[in-house]
Each structure stands twice: as structure tokens, then as C-alpha cells.
Amino acid sequence: MEKSSVVIYKNVPALVGEKDGDKFSIDWCSYWGKPKGKKNNYASQKVRAKDVVPLCEKSASSIDSLMDFADACADENSETGKKLREQIKEIYELLESDDSTKNQEVAFSELFELVRGEIKADESWGVYSALKNGFEFEEKIKDGEIFFVPRSEDEIRNLKDKAFEKKHAEEIRAAFIKRLKSKNLLPEDAKYMADVEALALGMTDKSKTMRDAGIGETPEKAHKLLLDTKIWDITRNPYPVRAGLSAKSATLGLGKIPAEERTRVEGVSYAIDSEWSNDPDDAIAFDGKYLWVHIADPASYVKPDSEIDKMARSRGATLYLPEGAARMLSEDCLEDYALGLREESRALSFKITLNENGDIEDCDVLRTIVDVKRLTYLKADELKETPELKPLFDIARRNFERRVKKGAVNISIPEVHIDVDPETKNVVFTQVPHTESSEVVREAMLLAGEGAAKFAFKNHLPFPFISQEIGDLPKDLPEGLAGQFRLRKCMRKRVVSVTPSSHAGLGLGMYSQVTSPLRRYGDLISHMQLRAFIKGEDLIDKDTMLLRMSEGDAAAQASRKAERSSRTHWTLVYLLKNPDWTGDAICVDKQQKQALYFIPSLGMETVIGGASPVELNGTVKISVSKIDLPNLQVVFKFS
């Protein structure tokens, strides 16, 4: 590089000075583009060749000369600027009209000469800035050399639109806010609504757009605004994201089940579940002496405080939405870890010995290999008198009676499964049939939870114990469904602790949940602790266990809340799509000025004002009066 040749240093022009070994000095403008009347700051510095980009090999008069021409070029009203921009446009059209140069890279020195007719060093920075900041060309630097590539007409149009918007931002914004207030947006206005969407999704608590439009900044009002302006349609479900949850399954995959010593359990065990279940994580069997409860064994791979453990803890539980499940552990782990999907299943098994009263006499925890057969609840009911299943039904019946004697509160309210078609967004309600086999599975899982709690307590393991105090149960309990709702109202919240205590609602002296480690973090960490103990490895200490239990439980509660809100959301979407809907409602609680009704076909509860026209457990016909989707509210009326 010759002395006084022009280079670019830190995005500003500089003139090359004296050489000094592998370095050379430069004189450069440390701050170009100050307001008119302000002087530029200049500096001298030694640099290496790699620190600068050559702009013009010829010698410039001075930095001031570079700046003077560049200022004139940047002035929209100057003749120099107008002429230069016109010259650049002409050269662009010339290059684009010739197939041999269309879309081809052109060296700056070549383009400089085409635009100006000859290369003058004092003009180099002004021409370079006009090309770089103009619409027609895109700058590229390759191997320390500057090139420019002609842009397409679409790219130029987009850049001009953006420049216009920037220049006229205030007028454009005012016009948009005016349209927003009248709920009459244009299709292109969606790009201005990003902060409204962020508020509706709970990603922020502020929205400048709503504030400018004089609308209160709440997620519900943001949701309503997005519906009113047709940015969202009624099927958009914001509740998982609003709760800070992902509506997609975890992506960190579990590897194959590690090879380790396992006990083979003879005979067939049964994974009994609903027709729509595709993540079977428990199976049961009775071999004539022991009740076996086999549970999926992801903890054989997931280690305490590993990345997968942290990810599962942050989710707390699998999120079951009407539109699909967002799994706590990855989808691809089901094939290896769910029970009954392969010829042989690996499990963590609870080998339970029951005494003549049905109490747990002993519980052992083993790593096993099991032959699992899958059955639906309905199919299991058909087979309840077979030699393989009858003992399980008998054990369940006896365990239920045992718990009731100890004060267990059994609440039975009809359930409805909600599905959403991913393409049509149509909502389908399926009544969950009451089956004896579902009670068998429930009792077996309770026995496993009780057995695990006793095992942990006996061996002094820091462990997630679950307890519940008894509520004030009413003496004048109504019959039927009304009585079930009255019981539910009396129940107290459960407590998770490392100290065992009775679970009054279940009628158990101590209890823990261990039967769903694929979909509940509390169960997964319980398995980690049990496996560490039986392998003789370090246990999770008490304080760490408390902390991780708390984190997982908080996330699980957020999941349950999002599930409830999502079910209500899709129920209201169904009613909006079916405005002529009518259905039966059962009166389950009466007050002086209102009554609570249960709608079996929707699995939904609602309060209707005024005196009830029927007694408790009586049925009335209702229809929809008003729906407020953003606030998850629906008003029913008697038909």
C-alpha cells in the first residue's frame, strides 16, 4: 500500500502513513458523520495489513478531502449527491441488462471507474459509502478485497419500503394505531402486532401497541385484540406458552437401556390402560405368592443432575393437551423404555408380599426383565374371571376395602377425554367408561407407592413422601353425583416432603408416587434414589432432594394448570363452532342465588344464577348464552 492511499479501518476511512517493520501508521477519522458544524475527530495509529481493508491505491489529498466529498454525496439535496445516485442507478441497469454481468460480483475499483469515469482517491470514500448505503448493490468482502453484487428488484423494493417506513415511522405508526382502534387492520399490519402477541403469550407484561391504542395491558385483553383483528383465530391455544411451558416434547434423547444385571420375572405381566394411551409405563401380575408391579426404568439411563435430569425437572411432568402430548422425556425413548412395546421389557419392579389382612408385609425393589402384554381396560374387564387376571381383581377389591376401613375417601366423577384434530382443529369429546380394571390398576399403583414409601423409610432414604390431611367431611352427605362434589370440596391439598406422614385421602399410613417415571419428575427422582440404593451408589442427600422435589413439583403444577386451561379453551372453541349446542346438566350444589351444575357430555362445571329448577342430582337442559374465550368464561342458560 502506497503512502496516502485510502483504506478502511473500523468502518471509517484512513490514509496510509509511514512503514515500520510489519506495521504502518494510518491517519484516520475516529468519528465520522457528526452533525453539521461539528468537527470530526482524527487519530494516528500503527496497524498491520490485516487490520485494514484497501479502498483505493491512489493517494488522497487529505482526510478532509475524503470527508468533504462524502458529505456532499450524503446530502440528499446536493447536486453532487443527486448526480452520483443517478450514475449508480444507470450502472446498475447497465449491469443487470447484460446476462454476462447480471448478478455477478464486481470489484469496487471496477465499479468506481464505471460510476465516475475515472478513479479519484478523494472521491473513493464518498462513492463507496453511496454504494454501500444505496439500494442497488450489496457489499461483500472476500480475501480483504471489496466487491459489490447487484440486488434483485424484489430486494431493492423491500429495502426501499423499509427506508420509507423508517423515514415516515411516526405517520405510519399513527395510521396503524388508528386502524387498530377501529379493529380494521390491513393484512400487512400483522408485523406491528408482535408485542401484543408476546403479551398474550405471557412472554412480557407490557405492550407499547396496546398502550398507544389506549387498551389495558393484560394477557386476556391482548388475546381478545388478536381475535378481534383476526391476527389469531379461535383455535390458537396460548396457555402452555403463557405458563412458561413447551408444547413440544423434550428433544434430549435417552440412549439404549444400559446393560446390567437384572432378574428375569417368569410369566406374563399386564399393561392395562386406556385405548388412546401410547406410553405404557406400568404392568402388573400375581404369581401366586407375590404381587408384581413393574414400572418403566428410564432412571437406568438418566443420572442425577445430568442434562436430561435438569430438562425433566424443568418440565415437571408430561403436558397432556387436547391437541397432543408434550412429553417430559423424548418421544423416541418410548420404544426402549415403555413397557410392552418390545418382546422383552426392562423394568424397576416392586415385589410385594401381602399378609392375610391385605396389608403390605414386605416390599423389595428389583431391576428386572419382564414379558409384558398390553390390554385395554375394556378387554381386561372381559378377562376378569381368567386365572391370570382374577387374582389381580381380588387383590384390588381387598385393598380398596382395607383403605376404606382406614378412612380413605373415594371420589368418582365422570371423566371426558378431549381430542383435537391437528388439521381441521375439530374438537371431539369421548366419555371415559367406568371399568373395574381401571380400579385394579389404581389399587396396584397405590400398593406400589405404599410399598416404595415403606422400603425408603425402612432403609433411611431421603425420599419424596406424599401426605394429605383429612378434611372436615360432611355428616349429611347427599347421594349421587352431588355427594361426590361435596366430598371433593372438603379435600385438602397434598404435601410433598422428605418426612413420611399419613395420606388420609387414600387411607394409607405413608405413600409415595413411583409408577410414572416417564411422565412425572417426582416419580423419576424416586427411581434414581431407589436404584442408587440397590446398587450401593451415592444417594441424593436430603437437602438436594428437597430442592429438586420443589423445582419439579412447581413445574408439574404449572403443567396441570396449563392442562386445565387448555381443556376449557378447547371446550369453548367447540361451543363457538357449535352455537346451537344444547345438553344435559346435573345439579350438584344449590345455593340461595345460584347453583353448580355438571355437564357430563363436556366434562365441565358451570354456575347458573337464580334458583335451581331441579333438586340435587336432577337434570336440566341448557344452552349457551355468552362465551368470552380470552377469559375462559361461558354463561349457560336453561333451554
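Preceding this paragraph is the structure being described.
Each chain has its residues counted from 1, running along the sequence as written. Whole-chain, interface and lining totals are the exception, using all residues; otherwise, since this is a predicted model, local features are given only for residues with pLDDT of at least 70 and side-chain atom pairs are given and counted only at 80 or more. Note that the side-chain values use all heavy atoms of the structure and ignore hydrogens as well as water.

Attention now moves to the state of the cysteines. Put simply, a disulfide is two cysteine sulfurs that come within 2.5 Å. Within the structure shown, the criterion is met by zero disulfides. A disulfide-free cysteine, C73 has its sulfur positioned 14 Å from the sulfur of C56, the nearest such atom. Only protein chains enter the area calculation, which uses a 1.4 Å probe; residues under 20% of their type maximum are buried, those over 50% are exposed, and those in between are partly exposed. On the accessibility criterion, C73 (6% relative accessible area) is buried. The closest cysteine sulfur to the non-disulfide-bonded C490 is located on C587, 17 Å from its own sulfur. Judged by its relative accessible area of 18%, C490 is buried.

In this structure, strand 23 (residues 619–628) lies alongside strand 24 (residues 633–638), joined through six bridges in antiparallel fashion. Looking at the pairing, D628 lines up with Q633 of strand 24. Joining the antiparallel neighbours strand 23 and strand 24 is a turn of four residues, in which L632 adopts a positive phi near 55°. Being paired, for any two strands, means DSSP has found at least two bridges between them. Per the convention used, a helix needs a DSSP run of H or I reaching at least four residues, while a strand needs a run of E reaching at least two, with both numbered from the N terminus.

The next thing to look at is the packing of helix 14 (residues 390–405) against helix 15 (residues 436–458). Interhelical geometry of helix 14 versus helix 15 gives an angle of 65° and a closest axis separation of 9 Å. The pairing of helix 14 with helix 15 is recorded here as roughly perpendicular in orientation. Note on packing geometry: the crossing formed by helix 14 with helix 15 is left-handed. Of the residues in helix 15, those in contact with L392, F393, I395, A396, R397, N399, F400, R402 and R403 of helix 14 are E436, S437, E439, V440, R442, E443, L446, L447 and E450. Looking at side-chain class alone, the contact of helix 14 with helix 15 contains eight nonpolar, two polar and eight charged residues. Note on method: axes are straight lines fitted to C-alpha atoms, helices fitted across the in-contact stretch only, with angles between N-to-C directions ranging 0 to 180 degrees. Our angle categories are set so that under 35 degrees counts as roughly parallel, over 145 as roughly antiparallel, 65 to 115 as roughly perpendicular, and the remainder as oblique. Crossings are sorted by hand: turned counterclockwise from the far helix by less than a right angle, the near helix makes the crossing left-handed, and turned clockwise it makes it right-handed. Any pair of residues with heavy atoms lying within 4.5 Å of one another is described as a contacting pair. Gly counts as polar in this scheme, as do all residues outside two lists: the nonpolar Ala, Val, Leu, Ile, Met, Phe, Trp, Tyr, Cys and Pro, and the charged Asp, Glu, Lys and Arg.

A few words on the nonpolar core. Within the largest apolar cluster, 41 residues are counted, with the highest numbers of intra-cluster contacts made by L180, M193, L575, W581, I622 and F636. Other than its neighbours up to four places away in sequence, F636 contacts L575, W581, I599, M604, T606, I608, I622, S623, V624 and S625. Nonpolar cores are built from buried Ala, Val, Leu, Ile, Met, Phe, Trp, Tyr and Cys residues. Side-chain atoms within 4.5 Å join them into one set. I284, L461, F465 and V514 belong to the second-largest nonpolar core, a separate cluster that totals 37 residues.

Here the focus is the sheet that holds strand 8 (residues 145–150). The antiparallel open sheet is built from three strands, whose spatial order is 6-8-7. Of all the strands in the sheet, just strand 6 (106–107) and strand 7 (137–142) have a single pairing partner and so form its edges. With six bridges joining them, strand 7 and strand 8 adopt antiparallel strand pairing. Across the sheet, the residue bridging to F137 is P150, located in strand 8.

Next up on the list: the packing of helix 2 (residues 79–97) against helix 3 (residues 108–116). Packing of helix 2 against helix 3 brings their axes to within 9 Å, and their N-to-C directions diverge by 115°. For the element pair helix 2 / helix 3, the angle class is roughly perpendicular. Crossing angle aside, the handedness with which helix 2 passes helix 3 is right-handed. Here L84, Q87, I88, I91 and L95 of helix 2 come into contact with helix 3, specifically with L111, L114, V115 and R116. Counted by class, the contact of helix 2 with helix 3 contains seven nonpolar, one polar and one charged residues.

With that settled, consider the packing of aromatic side chains. The aromatic pairing rule takes the rings of Phe, Tyr and Trp, using the six-membered ring of Trp, and pairs them if the centres are within 6.5 Å, calling planes under 30 degrees apart stacked, those over 60 edge-to-face and the rest tilted. Under the definition given, this model contains 14 aromatic pairs. Pairwise contacts between aromatic rings join F108, F112, W125, Y128 and F148 into one cluster. Above the plane of the ring of F147 lies K142, whose end atom (NZ or CZ) is 5.8 Å from the centre. Here, over-ring charges are defined by two tests on the NZ atom of lysine or the CZ atom of arginine: distance to the ring centre within 6 Å, and angle to the ring normal within 35 degrees. The ring of Y290 has K351 sitting right over it, with the charged end atom 4.4 Å from the ring centre.

As for its position among the elements, R402 is in helix 14. Relative accessible area serves as the criterion here: at 7%, R402 is assigned to the buried category. In this structure the side chain of R402 is engaged in a polar contact, spanning 3.4 Å, whose partner is the backbone oxygen of G358. Dropping the residues within four chain positions of it, R402 is found in contact with N357, G358, D359, L447, E450 and L508. Any pair of nitrogen or oxygen atoms within 3.5 Å is treated as a polar contact; in protein, a donor-acceptor pairing is required on top of that, and neighbouring residues in sequence qualify only through side-chain atoms on both sides.

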